Amino acid sequence: MSSLSEFIEEPFSLMAEEKRRHWTCGTGYCYGWRSRRCKHRPGTVEATAYAMLAYLETGNIVRARPIQAWLVSQMDSKGGYRSTQDSMLALMALSDMATRVGWQEIGMTIAASASTGFQHTFGLNTDNKLITQSVEIDVPTTVHFHFTGEGTALLQ
């Protein structure tokens, strides 16, 4: 492939229907996009973050969104990744995305429920969008979420 745009466009043409994408690293080179959550090889988050940064640099927000979804899905419970390098690059890419997309208006309700009788509703709006909201639940149990309104939220 002769240019950066050809390099980053080709893998997407193969997996255009997927909602999340990441770049997987083999022996010293990258060999394709995958979407499932898995134990990634060292460097996968790093390579994926570089791909996202390349899309953002070319102004291609649409192509960066599925990468953003995958990077967020790989984040651990403390907001990091497998290594310092992975964490630094992923957070740089996610921050760049947030800067380019800007702050959107948020008006969202998230209803959580479980078969144990647990129910809780979170309200998300422009005034509390940067405030962490949490609730304790008994584990193990499966919790179901129902979203209404507009905006983007991170559930962990």
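Student: Which residues make up the environment of A51, and what values do they have?
Tutor: For A51, the position within the fold is in helix α2 (residues 44–57). In this structure the C-alpha to C-alpha distance between A51 and A93, which are 42 residues apart in sequence, comes to 9.0 Å.

Student: So what's going on with the nonpolar core? Which residues, and what values?
Tutor: Counting 17 residues, the largest nonpolar core has V45, M52, A64, L71, Y81, A93 and L94 as the members making the most contacts within it. Every element with two or more residues in this core is listed here: α2, α3 (61–74) and α4 (84–101). Top contributing element to this core by residue count: α2, with 6 residues. Discounting residues that sit within four places of it in the chain, Y81 has contacts with V45, L71, V72, Q74, M75, D76, D86, S87, A90 and L94. I106, I110, F122 and L124 belong to the second largest nonpolar core, which has 5 residues in total.

Student: So what's going on with the pattern of salt bridges? Which residues, and what values?
Tutor: All chains considered together, the criterion is met by 2 salt bridges. A salt bridge links E57 to R100; the nearest nitrogen and oxygen atoms lie 3.7 Å apart. Taken together, the residues span a long stretch of sequence, with E57 in helix α2 and R100 in helix α4 at a distance of 43 residues. Assessed through its relative accessible area of 63%, E57 is described here as exposed. Residue class for R100 comes out partly exposed when judged on its relative accessible area of 39%. Here R100 makes a salt bridge to D96, at a shortest N to O gap of 2.8 Å. Residue R100 and its partner D96 are both found in helix α4; the two are separated by 4 residues, about one turn of the helix.

Student: Give a detailed account of the sheet that holds strand β4 (residues 119–125), specifying residues and quantitative values.
Tutor: Spatial ordering of the open sheet is given by β4-β3-β5, a layout of 3 strands whose pairing is antiparallel. Of all the strands in the sheet, the pair left with one neighbour each is β4 and β5 (143–150). Pairwise comparison of adjacent strand axes, ignoring direction, gives a mean angle of 15° for this sheet. Relative to β5, strand β3 (residues 107–114) runs antiparallel, the two being bridged by 8 bridges. Note that in β5 the partner of A114 across the bridge is V143.

Student: An account of α2 is requested, with residue identities and associated values reported.
Tutor: Relative to the 20 Å expected for 14 residues at 1.5 Å per residue, α2 spans 20 Å between its end C-alpha atoms, a close match to the ideal helical length. Extensive coverage of α2 is indicated by the burial of 11 of its 14 residues. G59, located one to two residues past α2, shows a positive phi value of around 80°.

About the criteria used
Residues numbered from 1 in each chain as written. Predicted model: local features only at pLDDT ≥ 70, side-chain atom pairs only at ≥ 80, totals over all residues. Heavy atoms only, no water. Helix = DSSP H or I, 4+ residues; strand = E, 2+ residues; numbered from the N terminus. Core = buried A, V, L, I, M, F, W, Y, C linked by side-chain atoms within 4.5 Å. Buried < 20%, exposed > 50% of the residue type's maximum accessible area, 1.4 Å probe, protein only. Contact = heavy atoms within 4.5 Å. Salt bridge = Lys/Arg side-chain N within 4 Å of Asp/Glu carboxyl O. Pairing = 2+ DSSP bridges. Axes fitted to C-alpha atoms, helices over the stretch in contact; angles between N-to-C directions. Expected span 1.5 Å × (residues − 1).

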